[in-house]
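For reference, the chains in residue letters:
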2 protein chains.
Amino acid sequence: MSLPILAPEDRPLAGLKVLDFAQFLAGPAAALRLADLGATVIKIERPKGGDLCRGLVINDQKLDDSSLLFHTFNRGKQSVAADLKNPADLAAVKRLVAEADVMIHNFRPGVMDRIGLDIETVRAVNPGIVYGHVTGYGNDGPWRDKPGQDLLAQSLSGMCWLQGDRAQGPVPVGFALLDIATGNNLVQGILSMLVRRGVSGQGGLVEVDLMSSAMDLQFEQLTAFFNDDTLPSRTEISNANVYGAAPYGIYATADGWLALAMVPLAVLADLLDCPALNDFAQPEAFGRRDEIKPIIAAALKTRPTQAWLDVLEPADVWCAEVLDWARLSRTEGFAALSPLMTMRTADGREARTTRCPIRLDGGLLTSGVGAPALGAHTSQHIDKADAV
Amino acid sequence: MSLPILAPEDRPLAGLKVLDFAQFLAGPAAALRLADLGATVIKIERPKGGDLCRGLVINDQKLDDSSLLFHTFNRGKQSVAADLKNPADLAAVKRLVAEADVMIHNFRPGVMDRIGLDIETVRAVNPGIVYGHVTGYGNDGPWRDKPGQDLLAQSLSGMCWLQGDRAQGPVPVGFALLDIATGNNLVQGILSMLVRRGVSGQGGLVEVDLMSSAMDLQFEQLTAFFNDDTLPSRTEISNANVYGAAPYGIYATADGWLALAMVPLAVLADLLDCPALNDFAQPEAFGRRDEIKPIIAAALKTRPTQAWLDVLEPADVWCAEVLDWARLSRTEGFAALSPLMTMRTADGREARTTRCPIRLDGGLLTSGVGAPALGAHTSQHIDKADAV
């Protein structure tokens, strides 16, 4: 069974033009989403080296001259090479800005003012443009010049005390979550302003930052904390939410791992054949979770995962096996979602990557186009006469 | 310094009406964002008990009859109580649907077909509606009936092997990340379709699911994995990204914790006064990370965090202290972002929560309105004659 694909011309942002001045992850992630939704996205890159992400190689993987990571975040875009310090290049870029629907950048506060591509100047020539700006910690305040990097922002945000168990030090989320979340927030702001523009004709300014996005991701927990003011702690074992009642967490079985979400203690006592759990009333499942979790852990350790699933799933207990990518990718559940696609560079190299997670009108928003070579579309968008 | 607030009438979705049939977290999180962006959001709830989230109490915190958690996800919305199995209620709800701009639900596949609120039926009376559907694992495939719960989907997604260190079992992200990410994806799909509707007049269908959203969050890592096919492992200590080169991670100091992002080994050798790091060439920072990280850890353990910051920050090393919420909330950097606001219920109870992380036209999207009492707006939206 293969799922249908939404044709490029039916995608909701077909015909819109986005200029992506951003480097690294958050801004380019936002522009990637806009490209999957149908927009034409043009990266404006420095002629020497381009987006610094081109050289950020992880796991020793490159696709062409650029890192696989760069392709992951920039597939399906075009590239214009322009030196914003060169007057002719800058004039050509300003002509692109004058006819763009959206522009995105993540320059430090003040840089675009010096270049003459700040919101006021841009709006004067293009009142309909939606102008997106990504920062680490906002444009004001004492943290404005701190490096806007994912792990560092996670560390400042308090988020690293939510993973792992009590005896551990802080445990960060193991991927660039704040870059992705900030990119998602930028997309939402931009799209909402495009909705408004459809009514009023006016564009606007969208600002997002890693730290506000980190607060938003923790909004459930921060709301609990700021109305309680007691710093919560992770459970001794099987922590999965500092405010979660037992059994919420992941437990070892005889041969693997099992996750349990919200399950009444009496149900577990019965199904795990664990009468000791009956010593706890259900309202104690939060306050006495450090006593309860070890009892559940001891019970689950006695049998293999599949044996427990065979007992728990028919009883509609909220549980799941814990998979790694290798096992996940062999499941039919994974295949049914068609989560993978192949991207190709202009010179024919291929790599597998994940698709956009949104389905529209029943169709997937897949694309087979890799990231552009640096400046591959310069001549298409900048008339040579411009560069005189 | 207090930041300006964008007036309700200037918000980009002002005048749009959203019907939120969803329960628990992902769908209501999406509708919350639409409310912050200016839409009027009406929850359609069962007359008995309403959204199940009203009774989901975490940290023993309630605000009124409903949990603080419910208020966190449903502030600023209205509530209509309607029994979709009652013909008169259903007829009244269908009249609301006929004039809505957006509807969102997270019913299991097939439920809305039986009720007569599936996309085809709704589109026939309201061709401009944008129809959002949230599932755990899509509408097809063998996982369609699995419980769509955050921790369980995290466990199946492979994500739990990204946090923590190598000797540990799987470590989940400690908050409902997939609910939030799926909600964010839903918002993006809905807004993109509203942009398209502004051009064509036609609405459309938006489908998102927890598992595709989990794949998307891991897209950097999954792209590396699916072009390599070797399952990566977490580092022995200080893991922060299975594909990250040393020093990427969090380290203990003499009195706390310090995060280091991308830093050349030679720079660290010098600044940490740690010549042993000079035994490693920079290209070995990934492949030999398990040898390098312990050397860095031993060095950092010798002095307090502030002493290291005083050395590293002036050298522009990408580093940060690791804060908890209590310390974060006392910083000027936190205050400068104005991340908190107070929500009030109709009967005057108050709670602090976080604001929307997006700034538009320089203004914050704050709101002081708490979640509605069950059915508080029924009479406003459903004529009594309807219920005969």
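## Notes on the relation of the copies chain A and chain B
Thinking step 1. For these two chains of identical sequence, chain A goes onto chain B by a turn of 180 degrees and a shift of 0.0 Å along the axis, with RMSD 0.0 Å. Here the two chains are linked by the operation of a two-fold rotation axis.
Thinking step 2. Residue by residue, 100% of the interface of chain A is reproduced at the interface of chain B, so both copies engage with the same surface.

## Considerations on the interface of chain A and chain B
Thinking step 1. On the chain B side, the residues contacting the 135 residues of chain A number 135 residues.
Thinking step 2. When chain A packs against chain B, the two sides together hide about 11800 Å² of surface, and 67% of this comes from carbon and sulfur.
Thinking step 3. Connecting chain A to chain B are eight salt bridges.
Thinking step 4. Between B:Arg33 and A:Asp216 there is a salt bridge, and its shortest N-O distance comes to 2.9 Å.
Thinking step 5. Where chain A packs against chain B, one counts 40 residue pairs in polar contact (both at pLDDT 80 or more).
Thinking step 6. In this sheet, strand 6 (residues 204-209) of chain B lies alongside strand 12 (residues 359-360) of chain A in antiparallel orientation, the contact comprising two bridges. What sits directly across from A:Arg359, in strand 6 of chain B, is B:Glu207.

## Considering the confidence of the model for chain A
Thinking step 1. For chain A, mean pLDDT is 96; residues scoring 70 or higher make up 98% of the total.
Thinking step 2. Here the complex is predicted with pTM 0.98, and the ipTM for its interfaces comes to 0.97.

## Section: the side chain of B:Gln149
Thinking step 1. Position of B:Gln149 among the secondary structure elements: in the loop between strand 5 (130-135) and helix 6 (150-157).
Thinking step 2. Among the polar contacts listed, one links the side chain of B:Gln149 to the backbone nitrogen of B:Leu152, at a separation of 3.1 Å.

## What about empty space enclosed by the protein?
Taking a probe equal in size to a water molecule and rolling it over the atoms shows the remaining empty space.
Thinking step 1. A complete count under the given rule lists nine cavities of 30 Å³ or more for this structure.
Thinking step 2. Volume-wise, the largest cavity comes out at about 160 Å³.
Thinking step 3. For the largest cavity, the lining is made up of 18 residues, of which A:Asp216, A:Phe219, B:Ala29, B:Leu32 and B:Arg33 are closest to its centre.
Thinking step 4. Listing elements by their share of the lining of the largest cavity, those giving two or more residues are helix 1 (26-36), helix 7 (177-200) and strand 11 (350-354) of chain B.

## Here's the deal with the sheet that holds strand 9 (residues 319-321) of chain B
Thinking step 1. The strand order across the open sheet built from three strands is 7-8-9 (chain B), with neighbouring strands paired in antiparallel fashion. Each of the sheet's edge strands pairs with one partner strand only, and the pair in question is strand 7 (249-252) and strand 9 of chain B. Going from strand to strand, the sheet's axes swing by 25 degrees on average, the running direction of each strand aside.
Thinking step 2. Across the sheet, helix 6 (residues 150-157) of chain A is in contact with strand 7, strand 8 (257-260) and strand 9 of chain B; its angle to strand 9 of chain B comes to roughly 10 degrees.
Thinking step 3. Contacts between helix 11 (residues 289-300) of chain B and the sheet are confined to strand 7 and strand 8 of chain B, with strand 7 of chain B contributing the most and set at about 40 degrees to the helix.

Parameters at a glance
- Residues numbered from 1 in each chain as written.
- Chains lettered and ligands numbered in written order.
- Predicted model: local features only at pLDDT ≥ 70, side-chain atom pairs only at ≥ 80, totals over all residues.
- Heavy atoms only, no water.
- Least-squares fit on C-alpha atoms with pLDDT ≥ 70 in both.
- Contact = heavy atoms within 4.5 Å.
- Buried area = accessible area lost by both parts, 1.4 Å probe.
- Salt bridge = Lys/Arg side-chain N within 4 Å of Asp/Glu carboxyl O.
- Polar contact = N/O pair within 3.5 Å; in protein donor to acceptor, adjacent residues only side chain to side chain.
- Pairing = 2+ DSSP bridges.
- Helix = DSSP H or I, 4+ residues; strand = E, 2+ residues; numbered from the N terminus.
- pLDDT = per-residue confidence, 0-100.
- 1 Å grid on protein atoms, 1.4 Å probe; cavity = no way out; pocket = protein on both sides within 12 Å on 5 of 7 lines; lining within 4 Å.
- Points joined across faces, edges and corners; volume = space filled by probe spheres on them.
- Axes fitted to C-alpha atoms, helices over the stretch in contact; angles between N-to-C directions.

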